[in-house]
Structures are given as C-alpha cells and as structure tokens.
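Spelled out from the first residue to the last, the chains are:
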Amino acid sequence: MVESMLWSVGIPVTAGGLLLAVCWWVLGFGRWPWMTRIVVVLAIGGAAGGSFLASVGLPGWPLAQKWHGVFLMAGAVTVAGLIEAMCPRRDWAGRVVLAMAIGVASVWLLPLPEQSALTVGWVAGGSALLVGMLDRARGGLAVPVGGWAAAAAISVMAIVAGSMTLSLMAGAVSAMCGLVIVLGWFAGGRVTEGVSGGGLTLGGILAVIALTAWAYDYNVVPGWAWAVSGSGFALACILEIGPLGRWKGYPATVVRSIVMISPPVYVVVHEWDAVKGALSG
Amino acid sequence: MYRSLLTGIVVLGVLCGTAAMQESKSLQAEVFKIDPVHSTVLFRIHHAGAGRFWGRFNDVAGTVTWPRDDSVAPNFDIRVVVNSVDTGNERLDGTLKGPDFFNTREFEDVSFKSTSAERIRDGHWKVTGDMTMLGVTKPVTAEVEVTGVRGNQVVAKAGWEAWFEINRSDFGMDWGVENGALSDDVKMIVGLEGGIEPGR
C-alpha cells in the first residue's frame, strides 16, 4: 500500500505542487488572477487524473470497464474548470451552462452500474455548480479547506468499500487541496483571499469519485455517509445568504472552514471501526 | 438337443451383442455436470514481493465432455462465479470483488472453454482454451490430470485436476502490477468433479 500511495498520490501531488510553486512564486502570486485560478484547476484535476494513470494506466475507448470513465470525467471537469477560471466573477449563467455540460458529459462518460444516468448527471453537475459558485463568491482558503476534508473522508470511505484506485484518487485530491492551502498561505502571506479557483473542478471531481465508489460498494459504507462527506459545501452556502455573506476576514474564514470540515469529520468518526479495519490490512 | 444348442447360440449372441454395445457406448463422450461441492478453484499470488497467499472461488459450474476410457481429451466448459471469492478475510474479499480486481458489479463470472488438447501421457493432457475474465478473452493452456472415474452405465463420477498460470494484466487487472504491490502472474489450481446421473 505504501508503494501505491507513493506512485498514485506522492507523484501527482508533487508535480502539482511544483506547478503551483513555479506559477505563484516565480511568476508572481496574484499578478494575474486568472493564472492563479487556472493553476489551482490544473493542480486539482491533474492530481485526480495523474493518480488514476499511476494506478490503472490510460483507459481505452470504448471503456473496458465502466468505472474507468472516472478518469475521462476528471479530464472533462478540468476543462470545464479552466473555462470557468476565465469567466468574469459575476457570470453565473456561464457557470450554470458549464455545470450542465458536466452533468451531460457524466451521463455519456460514466455509465455506472445500478445508478441511473439522471442521478449521476444531477449529482456531478449540481456539485460542480455548488462548489464553483461558493468558491467564486467567497474565495480565500475556505473552499480548499472544505475540499481537503471532504476528499479525505471520501478517500477513507472508498478504501472501506474496497475501491483502492478511487481511494487514492480522492487522497491525491485531498493532499493537493492541502498543498494549495499551505503554498497559498506562504505565497499570499496574510492576504489569502487570492487563493481561489478550482471550486467547479473540485466539486465535480469529488462528486464523480464518490458516486463511482458508491456504485461499486456492496453496502459496506452506508449510503448517507457518501452524501454527508461532501455536504459541508452545501451548509457553507447558508453562510453566503443575507448579511452573513458580507462577513469577511479571518473569523469568517475559520467559521466557514469549520462548517465545511464538520460533516466529513463526523462521517469518519461514525465509521471509525470500519476505517480502522480497512487501514489495518 | 438341437433346440438346446440353438437356444445357447442365441443367448450367447445376445450377450456378445450387449457387451459390444456396452463397449461402443463407453467409447462415446459423455457430459459430466460439475459438482460444485467437490470442485475447487484456487489461486495463488505474490504479495509485495514477500509472501504468497492463496484464495479460492466457492461457486464453480459447467460441464466436462469426456469418454471414460480417456481416448479423447476432456472438453471443459467451466464457469466460476467471482462473487464467491474467499480468502478467509472478509475485508480482502470485498476488495477483490471491487472495481480494481474482479469488478463483480460488471462481470459475474470467469469462464473457460476448451479449444484444443494434446495428450502428454496416459491420463495427462495439455488443454488449451479461451479464458474470459473482465470481458477480455485470452487463450490459456492448462496441464490436466484425469484423477479418476468411478461408477456404472447409469451413475458415474469422474475427476480432473488442472494447473496453469496467467498474467492478470493480460485481462486488464492491473492493480499493483507496476509498483510490485501484487505480482502479475497468478498460479491457478482447479480441482473438478463431475457426475452423470439418471435422467440426464
């Protein structure tokens, strides 16, 4: 398992970290806001896709196994994220169109067994839209912190469910979010509002990984655990309504981060016995 | 006297005819249905370049078409239900049923169908066939020993043991091959018992 983690998490995350470091430090953090966002999209999408490649290799077309579509979806969501990074901040209609495109793409590219295409499309597109809008509305470290926790919980649930590749993919996304937080902190200093972008990609990829792991799980992990792992983003949206939406600064970031971290932490604590069993093997 | 002699000849003729019929019948290939209780499919794989561990499949079905005098090679048509994988560890079984290995959500079984055979010596054959796993079909050659046959014209049982090796990556099962977490080559030992019963 250590070798697998080195290949499927260590290498893609190191590559993504180098990309972030070069673009943020060498080219200048915040000089081109679009570049700051694009780099985060590439780092998160690359971590998921690179992890799959390291574990399985390049899937052929047509897909030999349905779940290999998760790699193609990681690519599609990354492309959508790159387009979203270029969109003006207030272009919500454009984001809705991109989320719909992700939903339609998932119906075609990810025909999961025992899952209706409608469910897969709605969840993938809806999650991408939700996290993408939250990211662009808020910015800062809150979304990467939420992504780090949600991806870590999905990774743990996936290994309990017996899906090693999907667990490593989610683990790579989690580690990448952690690097975005740390490098963004150092690169941006106290001005962490600039660490934004990647929300649409993050939401789409996490939904796709969780849906796939759920589809191949024989009820080892309860269905609600998959949904709750990513529900922190939905809860955080409540903090964007009304006067709370104008609340900024460190206390606001901390509260939002806690709201996003709590559900995945609850899931892992609730399933702790199964997690211990899975990690001991 | 003549009547007794004639009767004797007729009886002898009938007996010889019956024996001849029986002889010719025994040369015909019969279809043995696999007995899942007394059949086993074992696999062995190298873990992390260290220990070798074994697992088995508990649900084996199919037929073997074979003449009891072994004049022709056994013809195997075997199906193994992959959801019956059993390593003695429930969590490991779950992982093996998952998408990285047997992917039981998409693929119910592994199958083997004979295509040709070559006699090695009495009771030993080299049987080549098409093995299908994860939707990929590849030729596989197994060494087969006829382990025994018992019974009469109505009820009979026969047994075979086969052993062969596959590279699982040939079938698209790639997990851990590249980084050496699990070996690519897998040794298979298959013990089969088939039966013929009245009314079949």
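Being a predicted model, the structure only gives us computed values, none of them experimental.

Draft legend 1. Fine view of the packing of helix H10 (residues 231-238) of chain A against helix H11 (residues 250-270) of chain A. Residues and elements named next belong to chain A. The N-to-C vectors of H10 and H11 enclose an angle of 150°; their axes lie 8 Å apart at closest approach. The angle between H10 and H11 falls in the class roughly antiparallel. You can see that H10 and H11 cross each other, and the crossing is right-handed. Contacts between H10 and H11 pair Ser 231, Gly 232, Phe 233, Leu 235 and Ala 236 from the former with Val 259, Met 260 and Pro 263 from the latter.

Draft legend 2. Structural view of the interface of chain B and chain A. Taken together, the 20 residues of chain B in the interface contact 23 residues of chain A. Summed over both partners, the interface of chain B with chain A buries about 2000 Å², with 51% contributed by carbon and sulfur atoms. Here chain B and chain A share one salt bridge between them. In this structure, the salt-bridge partner of Glu114(A) is Arg105(B), at a minimum N-O distance of 3.6 Å. Its residues placed into classes, the side of chain B that touches chain A shows five nonpolar, eight polar and seven charged.

Draft legend 3. View of the packing of aromatic side chains. On inspection of all chains with the given rule, the structure shows ten aromatic pairs over all chains. Considering the side-chain rings of Phe57(B) and Phe102(B), the 5.3 Å spacing of their centres and the 85° angle between planes classify their relative orientation as edge-to-face. Of the two residues, Phe57(B) is situated in strand S3 (residues 52-57) and Phe102(B) in the loop between helix H2 (90-97) and strand S7 (109-121); the sequence distance between them amounts to 45 residues. Of the two residues examined, Phe57(B) and Phe102(B), each falls in the buried class. Ring geometry for Trp66(B) versus Trp160(B): centroids 5.5 Å apart, planes at 85°, classification edge-to-face. One end of the pair, Trp66(B), is in strand S4 (residues 60-66); the other, Trp160(B), is in strand S10 (residues 156-167), and 94 residues separate them in sequence. Like Trp66(B), the residue Trp160(B) is buried in the burial classification. Over the ring of Tyr218(A) we find Arg105(B), and its NZ or CZ is 4.1 Å from the ring centre.

Draft legend 4. Main features of the pattern of salt bridges. Evaluated as defined, the whole model comprises eight salt bridges over all chains. Residue Arg119(B) pairs with Asp70(B) through a salt bridge whose shortest N-O separation is 3.6 Å. In this pair, Arg119(B) sits in strand S7 while Asp70(B) sits in the loop between S4 and strand S5 (75-81), placing the two residues 49 residues apart along the sequence. Taking relative accessible area as the criterion, Asp70(B) reaches 9% and is therefore assigned buried. Asp109(B) serves as the salt-bridge partner of Arg79(B), at 2.6 Å between the closest nitrogen and oxygen. Here Asp109(B) lies in strand S7 and Arg79(B) lies in strand S5, a separation of 30 residues in the sequence. The class for Asp109(B) is partly exposed, based on a relative accessible area of 26%. A single salt-bridge network, built from bridges that share partners, covers Glu84(A), Arg95(A) and Arg136(A).

Draft legend 5. Representation of the side chain of Asp135(A). All names here are of chain A. Looking at the secondary structure, you find Asp 135 in helix H5 (residues 117-138). Arg 136 is the oppositely charged side chain nearest to the buried, salt-bridge-free Asp 135, at an N-O distance of 5.8 Å. Side-chain polar atoms of Asp 135 contact the backbone nitrogen of Gly 199, separated by 3.1 Å.

Draft legend 6. Seen up close, the packing of helix H6 (residues 142-161) of chain A against helix H8 (residues 199-215) of chain A. Residues and elements named next belong to chain A. Viewed as axis vectors pointing N to C, H6 and H8 meet at an angle of 15°, and their least axial separation amounts to 10 Å. When the axis of H6 is compared with that of H8, the two are roughly parallel. The chirality of how H6 crosses H8 is left-handed. Along its contact with H6, which presents Val 143, Gly 147, Ala 150, Ala 151, Ile 154 and Ala 158, the element H8 presents Gly 199, Leu 202, Leu 206, Ile 209, Ala 210 and Ala 213. Of the residues contributing to the contact of H6 with H8, the split by class is ten nonpolar, two polar and no charged.

Draft legend 7. Expanded view of H8(A). Over its 17 residues, H8(A) runs 24 Å from end to end, which matches the ideal 24 Å to within 8%, given 1.5 Å per residue. The element H8(A) is extensively covered by neighbouring structure, given that 16 of its 17 residues are classed as buried.

Draft legend 8. Expanded view of the confidence of the model for chain B. Residue and element names in this part refer to chain B. Overall, the predicted model of chain B reaches an average pLDDT of 88, with 86% of residues at or above 70. Between the elements of chain B, mean pLDDT differs from a low of 50, seen in helix H1 (residues 2-26), to a high of 98, seen in strand S8 (residues 124-133). Within the model, the stretch residues 12-25 combines pLDDT values under 50 with one contact to residues more than four positions away or in other chains. Predicted as a complex, the structure gets a pTM of 0.87 and an ipTM equal to 0.86.

Draft legend 9. Highlighting a nonpolar patch on the surface. All names here are of chain A. Residues Val 22, Trp 25, Val 26, Leu 27, Trp 32, Trp 34, Met 86, Val 182, Trp 185 and Phe 186 make up a contiguous nonpolar surface patch of roughly 1000 Å² in combined accessible area. Elements represented by at least two residues in the nonpolar patch include exactly helix H1 (2-26) and helix H7 (164-188). Of the residues examined, Trp 25 reaches a relative accessible area of 45% and is grouped as partly exposed.

Draft legend 10. Just the environment of Ile166(B), in detail. Residue and element names in this part refer to chain B. Mapped onto the elements of the fold, Ile 166 is located in strand S10. Between the alpha carbons of Ile 166 and Val 146 there is a distance of 22 Å; along the sequence they are 20 residues apart. Excluding anything up to four places from it in sequence, Ile 166 contacts Met 131, Met 133, Val 140, Phe 171, Asp 184, Asp 185 and Val 186.

Draft legend 11. The confidence of the model for chain A, seen in detail. Confidence in the prediction for chain A averages 87 pLDDT; 94% of positions are at 70 or higher. In the model of chain A, helix H12 (residues 272-280) of chain A stands out as the element of lowest mean pLDDT, 79, in contrast to H8(A), which has the highest, 95.

Conventions used here
Numbering of residues starts from 1 in every chain and runs along the sequence as written. Here every chain gets a letter starting at A, and every ligand a number starting at 1, in the order they are written. Restriction of local features to residues with pLDDT of at least 70 applies here, the model being predicted, together with a cutoff of 80 or more for giving and counting side-chain atom pairs; totals for whole chains, interfaces and linings are based on all residues. The basis for the side-chain values is all heavy atoms of the structure; hydrogens and waters are excluded. Each axis is a line fitted through C-alpha atoms, and for a helix only the stretch in contact is used; angles between axes span 0 to 180 degrees, taken between their N-to-C directions. Under the DSSP-based scheme used, a helix requires at least four consecutive residues in state H or I and a strand at least two consecutive residues in state E, with every element numbered from the N terminus. Oblique is the label for any angle not covered by the other classes, which are roughly parallel (under 35 degrees), roughly antiparallel (over 145) and roughly perpendicular (65 to 115). Note on convention: near helix rotated counterclockwise from far helix by under a right angle means a left-handed crossing. Clockwise means right-handed. What makes two residues a contact is simply this: any of their non-hydrogen atoms within 4.5 Å. The quantity reported as buried area is the accessible area (1.4 Å probe) lost by two parts once they are put together, taken as the sum for both. By salt bridge we mean one thing: a side-chain nitrogen of Lys or Arg within 4 Å of a carboxyl oxygen of Asp or Glu. Just so you know the grouping, Ala, Val, Leu, Ile, Met, Phe, Trp, Tyr, Cys and Pro go in nonpolar, Asp, Glu, Lys and Arg go in charged, and all remaining residues, Gly too, go in polar. Here a pair means two rings of Phe, Tyr or Trp (six-membered ring of Trp) with centres within 6.5 Å. Their orientation is stacked below 30 degrees between planes, edge-to-face above 60, and tilted elsewhere. The buried label goes to any residue with under 20% of its type's maximum accessible area, the exposed label to any with over 50%, and the partly exposed label to all in between, with areas taken from a 1.4 Å probe on protein chains only. Charge-over-ring contacts are defined here by two conditions on Lys NZ or Arg CZ: a distance within 6 Å of the ring centre and an angle within 35 degrees of the ring normal. Positive charges come from Lys and Arg alone, negative charges from Asp and Glu alone, with His and the N- and C-terminal ends not counted. Definition of a polar contact: a pair of N or O atoms within 3.5 Å, with one able to donate and the other able to accept a hydrogen when the atoms are protein atoms, and with sequence-neighbouring residues admitted only if both atoms are side-chain atoms. Take the residue count of a helix, subtract one, and multiply by 1.5 Å to get its expected span. For every residue, the predictor states its confidence as a pLDDT score lying anywhere from 0 to 100. A residue counts toward a patch only above 30% relative accessible area and without a salt bridge, and it is joined to like-charged neighbours within 9 Å or, for Val, Leu, Ile, Met, Phe, Trp and Tyr, to nonpolar neighbours within 5 Å. Values of accessible area rely on a 1.4 Å probe in the Shrake-Rupley scheme; residue burial ignores everything except the protein chains shown.

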